[in-house]
Amino acid sequence: LDSAADPRRRTRGDRSESRTNTNHCRAWPARATMPLEKRKIEDGPIVLGICAMKKKASSEPMRQAVDRLRAFEVTGHKEFQVVYFDEEMILNQPVEEWPVVDALIAFFSTGFPLDKAIAYVSLRKPFVFNDLDKQKWLFDRRQIYKLLSEAGVPVAKHVVMNAGEANEVEESEDYLEVNGVRISKPLVEKPVSGEDHNIYIYYPRSQGGGSKRLFRKVKDRSSQFYPGIHTTRVHDGNSYIYEELLQTEGTDVKVYAIGPEYAHAEARKSPVVDGKVKRNVRGKEERYPVILDAEEKVIARKVVITFGQTVCGFDLLRSNGKTYVCDVNGWSFVKDSHKFWSDSANLLRQYMLEAIAPAHLRAHPEGNQLVLPDEAPAHRTKAKGDKGRRRNGRGAAEREEALRTFATPPNAELLCVVALTRHGDRTPKEKLKFSTREPLFLSMITEHSASTVEELKIKNVKLMEEITSRVCQVVTQLTQERKLAPAAAASTPAPKPEEVDDDFEKLLTVRQVLTSHPFRGINRKVQLKPTRWERQCSTSGGDDGAASYSSELRADGGPEPGATPTEAQFILKWGGELTPLGESQAERLGTIFRKTLYPGEFGGVLRLHATYRHDMKIYTSEEGRVQMTAAAFAKGFLDLDGNLTPILASLVSKNEKVTQMLDETPDAGRAAMELAKVHIHKVLSLDQVICDECNGLNDMLPPALSTGSASPAARAPADNSQAAGGGGGGGPEK
């Protein structure tokens with residue numbers, strides 16, 4: 001909490017003044033005949049008008065701040081008198097009949113006639129806290145982003161799609177491109193209207209696909225996930241802003257500024273994670289105060305000045321060490337902070353006196369308020385408190401046991417916790433491999449691979465659907481040829497029947513695997529690895545000839561880039577998906593981490609994470625089962641709900657160096673793993689009884705793996721392989 005005022009004296013205020021007195025007249029001369037330097041509170045209080053819709057004007061935060069303003073007095077004279085503009089009058093009476101005031105709090109909400117309020121200010125010319133003309137800028141997110149960028153305030157990478165214009169749009173499963181600007185998924189789709197809160201998020205099919213719809217809080221929900229909706233609303237005839245989804249570790253920051261020198265910030269669980277709203281015992285959304293750094297304080301100042309809103313709320317996103325503004329809301333008060341309400345009253349007093357009675361402010365800079373006996377919220381009922389104490393007492397023994405488990409030397413200080421884990425329970429991994437000269441498959445390499453001498457890895461949905469179509473086409477063609485085979489000429493040479501049947505059966509298996517269920521997530525993969533090429537070359541006589549190269553010749557200058565592949569290995573991998581049991585295992589592990597690593601305070605890690613005092617990072621390899629395991633772990637660790645795809649996109653990070661460490665196994669480690677595989681195969685194939693007493697297994701161990709003969713140095717590569725193993729090549733996946 002960064003305060004420019006010193007709110008040391010606080011009061012509950014005098015609540016006896018009527019809120020419906022809309023015909024109040026000032027008891028002191030008109031301001032035009034009273035110079036500012038001579039304006040005295042003794043001649044009458046400054047009249048503050050509250051011009052807003054009834055729901056906003058009578059809200060608890062507004063009432064708390066206004067009550068504190070009313071309580072300011074000097075030598076028995078009230079400094080302020082508050083007049084509430086009746087909603088019926090605001091909507092139906094001309095501005096000439098509205099009360100005359102010295103200062104005005106007016107702001108837009110649904111149904112508020114902003115143009116009438118602007119006309120009133122033009123007529124009466126009171127001191128206005130929030131510029132009414134500039135409030136119109138907040139109606140259009142395009143204008144907000146433009147002004148933020150011009151003011152040097154960071155915003156996420158985005159592109160505007162204006163309906164009615166000649167837009168060039170390309171949408172795929174991994175990105176959306178509008179007029180040459182590509183935004184990768186996951187991406188955020190925002191209506192351009194600042195009053196439309198139906199914001200959608202779209203996830204790439206590689207992470208499971210689907211979309212999430214954000215909306216204003218309804219009971220305990222703020223968003224809903226739709227796994228079957230993948231396409232944006234880009235063609236529905238409306239205008240949208242598309243921006244990249246910033247990874248914020250599942251938390252965002254709400255900032256409440258009072259003038260350019262004061263900002264109060266609170267962190268909350270982001271609605272993009274699971275959409276469940278956590279509330280405190282008073283029914284308010286659970287938030288935690290956070291400290292803004294120097295750059296963020298400058299951002300708050302720029303927002304207030306740029307938009308001309310003295311009281312202004314806006315949203316910050318902290319991502320990868322940078323801070324971005326994603327929305328500006330205008331007039332906004334903290335909903336559950338006595339400290340903020342007192343600070344805001346002090347600052348509003350200061351701004352009004354500076355504009356209307358500066359001499360009085362110099363004489364009485366701090367004002368005079370009664371001190372509240374206790375501003376700490378104390379709404380918890382006795383029954384709930386007793387229940388909480390019983391729960392804490394019941395868990396005391398468990399916490400002491402956990403503390404003993406993680407005991408450290410007396411002078412030690414815990415700096416960090418690093419956990420390297422394997423994925424959860426998975427389905428069996430399957431692989432099918434065969435050689436092919438089918439032109440439909442080979443053309444995939446020339447059409448989609450960066451080089452015809454490199455293998456083509458097919459994972460994304462679009463290419464998977466294309467290879468599936470080609471497989472089905474080849475199977476259909478072979479089926480027709482088999483039917484016509486008896487009528488073929490007897491002289492036509494034919495391949496051996498067993499070879500034809502074997503190839504056909506493999507293609508049938510490929511078709512069955514690829515068409516078994518829709519492509520979503522990372523659960524099937526096709527590799528086309530060229531093994532022979534053909535290219536046209538000129539001989540010394542000028543004739544063209546054909547030359548073939550095999551993959552073994554590449555090291556000696558084999559196929560050059562551009563050579564046409566004539567044969568390739570078709571490799572299909574499937575299975576290995578995280579099972580419900582595996583998801584449950586990972587979520588339970590996350591829950592155990594949360595409860596045992598932080599035993600001193602119930603739910604302490606959640607508060608630390610929300611306030612950015614707990615720097616948690618989750619990295620994974622590229623394997624789908626590993627990524628989903630990480631998302632399930634995060635779900636348990638941060639006590640989240642819902643589908644894993646939004647959690648994966650919001651909390652699980654990808655880093656090239658970390659992924660390389662997890663996915664690649666060193667040569668020494670791989671050699672030890674291969675040796676272990678040979679030994680396991682030998683044991684499983686052995687046709688004899690092995691008993692514990694005869695020490696038969698230990699005698700069968702290779703020297704490098706035998707605990708009796710291998711030195712620590714000889715065993716080190718195997719240990720290292722487990723630390724660095726990843727999802728590929730049979731290594732342990734982390």
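As shown above, the structure is provided for reference.
Residues numbered from 1 in each chain as written. Predicted model: local features only at pLDDT ≥ 70, side-chain atom pairs only at ≥ 80, totals over all residues. Heavy atoms only, no water.

**Q** Is there a simple way to explain the nonpolar core in this structure?
**A** A general tendency of soluble globular proteins is for nonpolar side chains to be buried together. Counting residues in hydrophobic clusters, the biggest one holds 36 residues, and the most contacted among them are Leu-48 and Phe-333. Of all elements in the fold, only strand 1 (46-51), helix 2 (60-70), strand 4 (80-84), strand 5 (103-106), strand 16 (251-258) and helix 8 (338-356) reach the threshold of two or more residues within this core. The element contributing the most residues to this core is helix 8, with nine residues. Among residues more than four places away in sequence, those in contact with Phe-333 are Pro-61, Met-62, Ala-65, Tyr-256, Ile-258, Val-311, Phe-340, Ser-344 and Leu-348. By size, the runner-up hydrophobic cluster in this structure holds 32 residues, among which are Val-153, Ala-265, Val-303 and Cys-326. (Core = buried A, V, L, I, M, F, W, Y, C linked by side-chain atoms within 4.5 Å. Buried < 20%, exposed > 50% of the residue type's maximum accessible area, 1.4 Å probe, protein only. Helix = DSSP H or I, 4+ residues; strand = E, 2+ residues; numbered from the N terminus. Contact = heavy atoms within 4.5 Å.)

**Q** What is the right way to look at the pattern of salt bridges in this model?
**A** For side chains bearing opposite charge, pairing can occur when the charged atoms are close. Under the criterion given, the structure shown has 28 salt bridges. Measuring nitrogen to oxygen at the nearest pair gives 2.6 Å for the salt bridge that ties Glu-189 to Arg-233. With Glu-189 in strand 11 (residues 187-191) and Arg-233 in the loop between strand 14 (221-226) and strand 15 (240-244), this pair connects stretches of sequence that are 44 residues apart. The same class applies to Glu-189 and to Arg-233, which are both buried. Between Lys-278 and Asp-639 there is a salt bridge, and its shortest N-O distance comes to 3.5 Å. Pair noted here: Lys-278 is in the loop between strand 17 (263-269) and strand 18 (288-290) and Asp-639 is in the loop between helix 17 (624-637) and helix 18 (644-651), with a separation of 361 residues, a long-range link. Among the residues examined, Lys-278 registers a relative accessible area of 25% and is labelled partly exposed. Taking the relative accessible area as the measure of exposure, Asp-639 reaches 36% and is therefore partly exposed. Taken together, the shared-partner salt bridges connect Lys-217, Asp-252, Glu-266, Arg-268, Glu-285 and Arg-287 into one network. (Salt bridge = Lys/Arg side-chain N within 4 Å of Asp/Glu carboxyl O.)

**Q** I'm lost on the sheet that holds strand 16 in this one. Help?
**A** By definition, the strands of a sheet pair up through backbone hydrogen bonds, in either a parallel or an antiparallel sense. The strand order across the open sheet built from five strands is 18-17-16-19-20, with neighbouring strands paired in antiparallel fashion. Each of the sheet's edge strands pairs with one partner strand only, and the pair in question is strand 18 and strand 20 (322-330). Neighbour to neighbour, the strand axes of the sheet diverge by 30 degrees on average, direction disregarded. With seven bridges connecting them, strand 19 (residues 311-319) and strand 20 associate as antiparallel partners. By the bridge assignment, Leu-317 is partnered in strand 20 with Tyr-324. Set on the sheet, helix 7 (residues 294-307) makes contact with strand 16, strand 17, strand 19 and strand 20; between it and strand 19 the angle comes to about 140 degrees. (Pairing = 2+ DSSP bridges. Axes fitted to C-alpha atoms, helices over the stretch in contact; angles between N-to-C directions.)

**Q** Please clarify how the packing of helix 15 (residues 580-597) against helix 17 should be interpreted in this entry.
**A** The angle between the axes and the distance between the axes are what describe a pair of packed helices. At a minimum axis distance of 6 Å, the contact between helix 15 and helix 17 shows a crossing angle of 40 degrees. The pairing of helix 15 with helix 17 is recorded here as oblique in orientation. You can see that helix 15 and helix 17 cross each other, and the crossing is right-handed. Two secondary-structure elements touch here, helix 15 through Glu-583, Ala-586, Glu-587, Leu-589, Gly-590, Thr-591, Phe-593 and Arg-594 and helix 17 through Thr-629, Ala-632, Phe-633, Lys-635, Gly-636 and Phe-637. Split into classes, the residues belonging to the contact of helix 15 with helix 17 amount to six nonpolar, four polar and four charged. (Parallel < 35°, antiparallel > 145°, perpendicular 65-115°, else oblique. Left-handed = near helix turned anticlockwise from the far one by under 90°. Nonpolar A, V, L, I, M, F, W, Y, C, P; charged D, E, K, R; others polar.)

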